[in-house]
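Chain by chain, the residues run as shown.
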Amino acid sequence: MRKFLLFFLFSYTVFSQNPYPQDYFTSPLDIPIILSGTFAELRSNHFHAGLDIKTQQVQGKKVYAIADGYVSRIKIAHFGYGKAIYITHPNGYTSVYAHLQKLSPELETYIKKLQYERESFEIEVFPTPSELPVSKKQLIAYSGNTGSSGGPHLHFEIRDNEERPINPLLFGIDVLDTTKPLVSNMYAYPISEDAHINGSVKRQKLRLIPQPDGDYKVEDITAYGKIGFAIETIDRQDLAANKNGVYNISSFFNGLKNFEIDFRRFSFSETNHINRLMDYELYKNEKDKLQKLFIENNNPLSLYTNTTEDGYVSIADSTSSVYKVEIKDFKDNTTTVDLEINGVSTNPIDSLDLKVTPHYILASQENILEKDNVTVHFPRESFYDNFFIDFQVENDTLVLHEPIIPLKKYFTVTFNLEQYHSEDLDQLYIARLVGWNDFPSYSRTIKKGKTFTTRTKNLGTYTIAKDNDAPTITPIRFKDGAWLSKYRYLKLKINDKTTGISNYRATINGQWILMEYDYKTKLLTYDFNDGVSTETKNNLKVIVTDNVGNSTTFEATFYRK
């Protein structure tokens, strides 16, 4: 009986640590798994939902179904995941394969038929379980670089039956990794009103001292009151130099665990709250991705566990304390950071730089700001905290604070342009000024008469700008009257330097043709194997429109045998 209980407890512990099947799924590629991105890695405004698997710096690697199932979704888009396939498996999980170059011949035929029927390159379909069944290790696609991808790779996910992404490494997919995580920054934060660190009431950057074994010590600090810490850390696998995300971060105060964040699973509904985990101001100003080792109010992330006092520590006068951070990658390679804290109550040498403005945001309420011809509407709970907001309007320019405060929801900016003549409105749009040179970046503008509105999640400076420039269309390796019999593809480069491409339409002899648009290379590509052009003499017509309605038409005649 005792042996049975011990076996049961051991089995329960192992299962509770990793309840996911280990031999059910196979690799989606037939090359070694080397990662350029890990699960839940910190991205600009979201957690990375899967693994980015290197494809040896090329496109066209064969992609396989990781288990039996059926294709439950295909989405083709210019941005985001680009060309993506979703497979639902009998055990309730769904696998996702994204940034694909092209689908397998069977799936390519299926989706291209629908694209021609709908006359749209961008398409999303949800096949029934009987339409597109697949078997384990069946070829489903070829790896690529489509959508918002920064280079050739396969983005790969596993989701549960609630559409929550799960770390695919938990399912037995193996990656060579004997390298410990690295730490580049650590900060300390005074939290309570009486708190200070090294005599300051402001956030303090701490001095990291690397140790020969790869761990770190931090130069001793003096502190008092309630304080918190944040750390910037990355992981590297053995065969790649990419700065990947870690798997687990824990902290200990005087030997007792007081905080843990575990990157096993999250839901898409919470991924936006990465901006509550990170020090958003530091990220926007310095590009440092500091992860806070404490949980502030209005932080709904489900990644936390084993926390005491939300990860904060309280330092009393004339005490000595030890704070330790333990960082692990998926293979349990561990890096530690050790810090000694001397409790000293003193008069701070500085004070907080609190800028008081006439406008105070109450995060729990709806907030409306109005001046002259501009109205800004923040729905309730748009922000995490209350704060004084900088709100200024001059002519057609809105200054709406610095973009250093994260938002949970979209808000609207509305300009009333009654002072303009109606004939001048067509080429106007709302722009957000970005970069060191205040470049006017198009913000999707909805026009109702002389009222212009945009929805955004970014504070900053907005203005009314004008776009006089029509898109450009340039044929690639052909000209009017050319013979194209030897070519499989017809290509044109399209560009709009001001507001960007909104839509395009191409026909041959009056029939719509499928032209794939790659916004990174600005190329439109038609495959002659689609069989639309069957005549010897063919008339090509391409119309490209930008985001304010400026349009350019390109026409040419070509010949094929």
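**Student:** I'd like a rundown of the sheet that holds strand 10 (residues 139–143), residues and numbers included.
**Tutor:** An order of 3-10-7 is seen for the three strands of this open sheet, with the pairing classed as antiparallel. Looking at which strands have only one partner, the edges of the open sheet turn out to be strand 3 (62–64) and strand 7 (100–103). Each adjacent strand pair in this sheet contributes to an overall mean axis angle of 35°, direction not counted. Judged from the three bridges that link them, strand 7 and strand 10 form a sheet pairing that is antiparallel. Its bridge partner being in strand 10, Leu103 is matched across the sheet by Ala141. Lying over the sheet, helix 2 (residues 105–118) contacts strand 7 and strand 10, oriented at roughly 85° with respect to strand 7.

**Student:** Tell me about the environment of Thr88, residues and numbers included.
**Tutor:** In this structure, Thr88 sits in strand 5 (residues 83–88). Discounting chain neighbours no more than four positions away, the residues touching Thr88 are Asp68, Gly69, Tyr70, Ser72, Tyr93 and Thr94. Polar contacts involving the side chain of Thr88 include one to the side chain of Ser72, which spans 2.8 Å. A polar contact of 3.5 Å, which involves the side chain of Thr88, links it to the side chain of Thr94.

**Student:** I'd like a rundown of the pattern of salt bridges, residues and numbers included.
**Tutor:** Summed over the entire model, instances satisfying the criterion amount to 26 salt bridges. Note that Lys355 is salt-bridged to Asp390, the shortest N-O span being 3.8 Å. Taken together, the positions of Lys355 in the loop between strand 24 (334–343) and strand 25 (360–361) and Asp390 in the loop between strand 28 (387–388) and strand 29 (391–394) put the pair 35 residues apart, joining distant regions of the chain. You can call Lys355 exposed: its relative accessible area is 55%. Judged by relative accessible area, Asp390 falls into the buried class, the value being 15%. Overlapping salt bridges bring together Asp160, Glu162, Arg164 and Arg265 as one network.

**Student:** Let's hear about the layout of surface pockets: which residues, and what values?
**Tutor:** Here the largest pocket is characterised by a volume of approximately 1,900 Å³. Along the wall of the largest pocket there are 40 residues; nearest its centre are Glu281, Leu352, Leu354, Asp385 and Ile405. Breaking the lining of the largest pocket down by element, the ones donating at least two residues are strand 13 (182–190), helix 3 (274–277), helix 4 (280–286) and strand 28. The residue makeup of the lining of the largest pocket, split by class, is 20 nonpolar, six polar and 14 charged.

**Student:** Give me the lowdown on the confidence of the model for the protein, citing residues and values where you can.
**Tutor:** Residue-level pLDDT values for the protein average 95, and 97% of them are 70 or greater. Between residues 1–16, whose pLDDT stays under 50, and residues either more than four places distant or in other chains, the model counts zero contacts.

**Student:** Lay out the environment of Gln57 with the relevant residues and their values.
**Tutor:** In this structure, Gln57 sits in the loop between strand 2 (51–54) and strand 3. We classify Gln57 as exposed; its relative accessible area is 75%. C-alpha of Gln57 to C-alpha of Arg164: the two residues are 107 residues apart in sequence and 29 Å apart in space.

**Student:** Give a detailed account of the side chain of Ser95, specifying residues and quantitative values.
**Tutor:** Mapped onto the elements, Ser95 comes out in strand 6 (residues 94–98). Here His89 takes part through its side chain, which lies 2.7 Å from a polar atom of the side chain of Ser95. Within polar-contact distance, the side chain of Ser95 engages the side chain of Tyr97 at 2.7 Å. Look past the residues within four positions of Ser95 in its chain and what remains in contact with it is Ile66, Ile85, Tyr86, Ile87, His89, Phe156 and Glu157.

**Student:** Describe empty space enclosed by the protein, naming the residues involved and giving the relevant values.
**Tutor:** Here the structure, examined in full by the defined rule, presents one cavity of 30 Å³ or more. Put simply, the largest cavity is a space of about 150 Å³. Taken together, 18 residues make up the lining of the largest cavity; nearest its centre are Thr38, Leu169, Asp235, Gln237 and Phe330. A breakdown of the residues in the lining of the largest cavity according to their chemical character gives nine nonpolar, four polar and five charged.

**Student:** Any details on unusual backbone geometry? Residues and values, ideally.
**Tutor:** Positioned with a positive phi, Lys137 is a non-glycine residue whose angle comes to about 70°. Of note, Lys137 is situated in the loop between strand 9 (133–134) and strand 10. One non-glycine residue with positive phi stands out, namely His401, at about 60°.

Definitions and limits used
One numbering rule holds for all chains: residues counted from 1, following each sequence as written. This being a predicted model, a pLDDT of at least 70 is required before a residue's local features are given, and a value of 80 or more before pairs of side-chain atoms are given or counted; all residues contribute to the totals for chains, interfaces and linings. Just so you know, side-chain values use all the structure's heavy atoms and leave hydrogens and water out. In short, DSSP must find at least two bridges between two strands for them to pair. In this description a helix means any DSSP run of H or I spanning at least four residues, a strand means any run of E spanning at least two, and both kinds are numbered starting from the N terminus. An axis is simply a line fitted to the C-alpha atoms; with a helix, the fit covers only the stretch in contact. Between two such axes, the angle follows the N-to-C directions and lies from 0 to 180 degrees. Should any heavy atoms of two residues lie within 4.5 Å, those residues are considered in contact. The term polar contact refers here to a pair of N or O atoms within 3.5 Å; inside protein, the definition further demands a hydrogen-donor-capable atom paired with an acceptor-capable atom, and it admits residues adjacent in sequence only when both atoms are side-chain atoms. Only one rule defines a salt bridge in this text: a Lys or Arg side-chain nitrogen within 4 Å of an Asp or Glu carboxyl oxygen. Whether a residue is buried, partly exposed or exposed follows from its accessible area with a 1.4 Å probe, protein chains only, as a fraction of its type maximum: under 20%, in between, or over 50%, in that order. Residues are said to line a cavity or pocket when one of their atoms sits within 4 Å of a point; the points come from a 1 Å grid over protein atoms alone, cavities being sets where a 1.4 Å probe fits but cannot get out and pockets being open sets with protein on both sides within 12 Å along at least five of seven lines. Grid points are joined across faces, edges and corners, and a volume is the space filled by probe spheres set on the points. In this classification, the charged set is Asp, Glu, Lys and Arg, the nonpolar set is Ala, Val, Leu, Ile, Met, Phe, Trp, Tyr, Cys and Pro, and all remaining amino acids, among them Gly, are polar. The quantity known as pLDDT measures the predictor's confidence residue by residue, on a range of 0 to 100.

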